Amino acid sequence: MKRLWNIHINKKIIGMVMAVTLLFGLVAILPPAAEKVGAFAAANLERKLPIYCVQTDEAKVSVSFDAAWGADDTDELLRILKENDVKATFFLCGYWVEKYPEEVKKIADAGHDLGNHSATHPHMSQLTAEQITEELQKCHQNVKELTGIEMDLFRPPFGEYDNEVIETATANGYHTIQWDIDSLDWKEQGKEAEINQVLNHKHLGNGSIILFHNDAKYTPQVLDTILKGLKDKGYEIVPISELIHRGEYEMDHEGRQIPKT
């Protein structure tokens, strides 16, 4: 009986070895067409990233505001930006545009970038491509009718995205923009905390994109200090439309936009 058992085990082992050998043999003789299919599948599985920051030798950064809730601080923010000769980027929600059309016009008339922050501030990665397109286009048309501006910068609500969100935004003519410096103004931790969070952030450097919100409690009180602090560090503050690369580029694993040379 023991001998029969050993024979049975040996047969199983031999069978497994033959199967593995056959598999490697098939892989070795795969035609070029099959290799291309495999490469195509791998490319489709690649995780796509939005632009978190930009690779540049120039000491430039961008300041951005997400506008989705109140509008009481708009005039004060615009005043501070003007006094510091800074152009920022405002990402606008469609319902905010509908509720505060005069504020949108003020921002546009002051020469700041206008960006798309969706129509209703949904979790975009939970939507279909058709629904994502609807969110983008509704906000786009609202802003265009008010200002004549054709937006091409998009920031997903909650900072949430997946490949379909980015691909659909691209198909609609948008660059998807994140940030590498979060002011954390939404946490309302106090003035000094917000100033320190931005000016001493470990990621602050050439090509950084800084996130604020238009209705945060302490931002109107600290914005002047932060803008002056950035300039004291040698940074020029430009809108995102001027910071990103418009030609051919690639993305590294951190979401840094790198121009192709």
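The following paragraphs examine the structure supplied in this document.

Conventions used here
Residues numbered from 1 in each chain as written. Predicted model: local features only at pLDDT ≥ 70, side-chain atom pairs only at ≥ 80, totals over all residues. Heavy atoms only, no water. Buried < 20%, exposed > 50% of the residue type's maximum accessible area, 1.4 Å probe, protein only. Helix = DSSP H or I, 4+ residues; strand = E, 2+ residues; numbered from the N terminus. Arc of directions from axis to C-beta. Contact = heavy atoms within 4.5 Å. Polar contact = N/O pair within 3.5 Å; in protein donor to acceptor, adjacent residues only side chain to side chain. Pairing = 2+ DSSP bridges. Phe/Tyr/Trp six-rings, centres within 6.5 Å; stacked < 30°, edge-to-face > 60°.

### A look at helix α3 (residues 74-83)
Thinking step 1. Along α3, the positions that sit buried rather than exposed are T74, L77, L78, I80 and L81. The arc that holds every buried residue of α3, seen down its axis, measures 160°, which confines them to one face. Opposite the packed face of α3, turned more than 90 degrees from it, sit the exposed residues K82 and E83.
Thinking step 2. In this structure, the buried side of α3 is in contact with β2 (60-67), β3 (89-92), α4 (94-99), α5 (101-109) and α9 (219-232).
Thinking step 3. Just downstream of α3, D85 is the residue with a positive phi angle, here 55°.

### Quick word on the side chain of N142
Thinking step 1. Inspection of the secondary structure assignment puts N142 in helix α6 (residues 129-147).
Thinking step 2. Engagement of the side chain of N142 in a polar contact is seen with the side chain of E98, the distance being 3.1 Å.
Thinking step 3. Apart from the residues within four sequence positions on either side, N142 is in contact with G94, V97 and E98.

### What to know about the sheet that holds strand β1 (residues 53-54)
Thinking step 1. On the basis of which strands lie adjacent, the open sheet formed by three strands has the order β1-β11-β10 and mixed pairing. The open sheet terminates on both sides in strands that have one partner only, identified here as β1 and β10 (249-251).
Thinking step 2. With three bridges joining them, β10 and strand β11 (residues 256-259) adopt antiparallel strand pairing. What sits directly across from Y249, in β11, is P259.

### A look at the packing of aromatic side chains
Thinking step 1. Counted according to the given criterion, the structure contains five aromatic pairs.
Thinking step 2. Relative to F90, the ring of F65 lies with its centre 4.9 Å away and its plane at 15°, an arrangement referred to as stacked. Of this pair, F65 sits in strand β2 while F90 sits in strand β3, and the two are 25 residues apart along the sequence. With respect to class, F65 is no different from F90; both count as buried.
Thinking step 3. On the basis of an interplanar angle of 25° and a centroid distance of 5.6 Å, the ring pair of F65 and F212 is categorised as stacked. Of the two residues, F65 is situated in strand β2 and F212 in strand β8 (residues 209-213); the sequence distance between them amounts to 147 residues.
Thinking step 4. Relative accessible area serves as the criterion here: at 0%, F65 is assigned to the buried category.
Thinking step 5. A relative accessible area of 0% means that F212 is categorised as buried.
Thinking step 6. Among the aromatic residues, those joined into a cluster by ring pairs are F65, F90 and F212.

### Points about unusual backbone geometry
Thinking step 1. One non-glycine residue, D85, lies in positive phi territory at about 55°.
Thinking step 2. Along the chain, D85 turns up in the loop between α3 and β3.
Thinking step 3. Taking the relative accessible area as the measure of exposure, D85 reaches 67% and is therefore exposed.
Thinking step 4. A positive phi angle is found at S118, which is not glycine, with a value near 85°.
Thinking step 5. In this structure, S118 sits in the loop between β4 (113-116) and α6.

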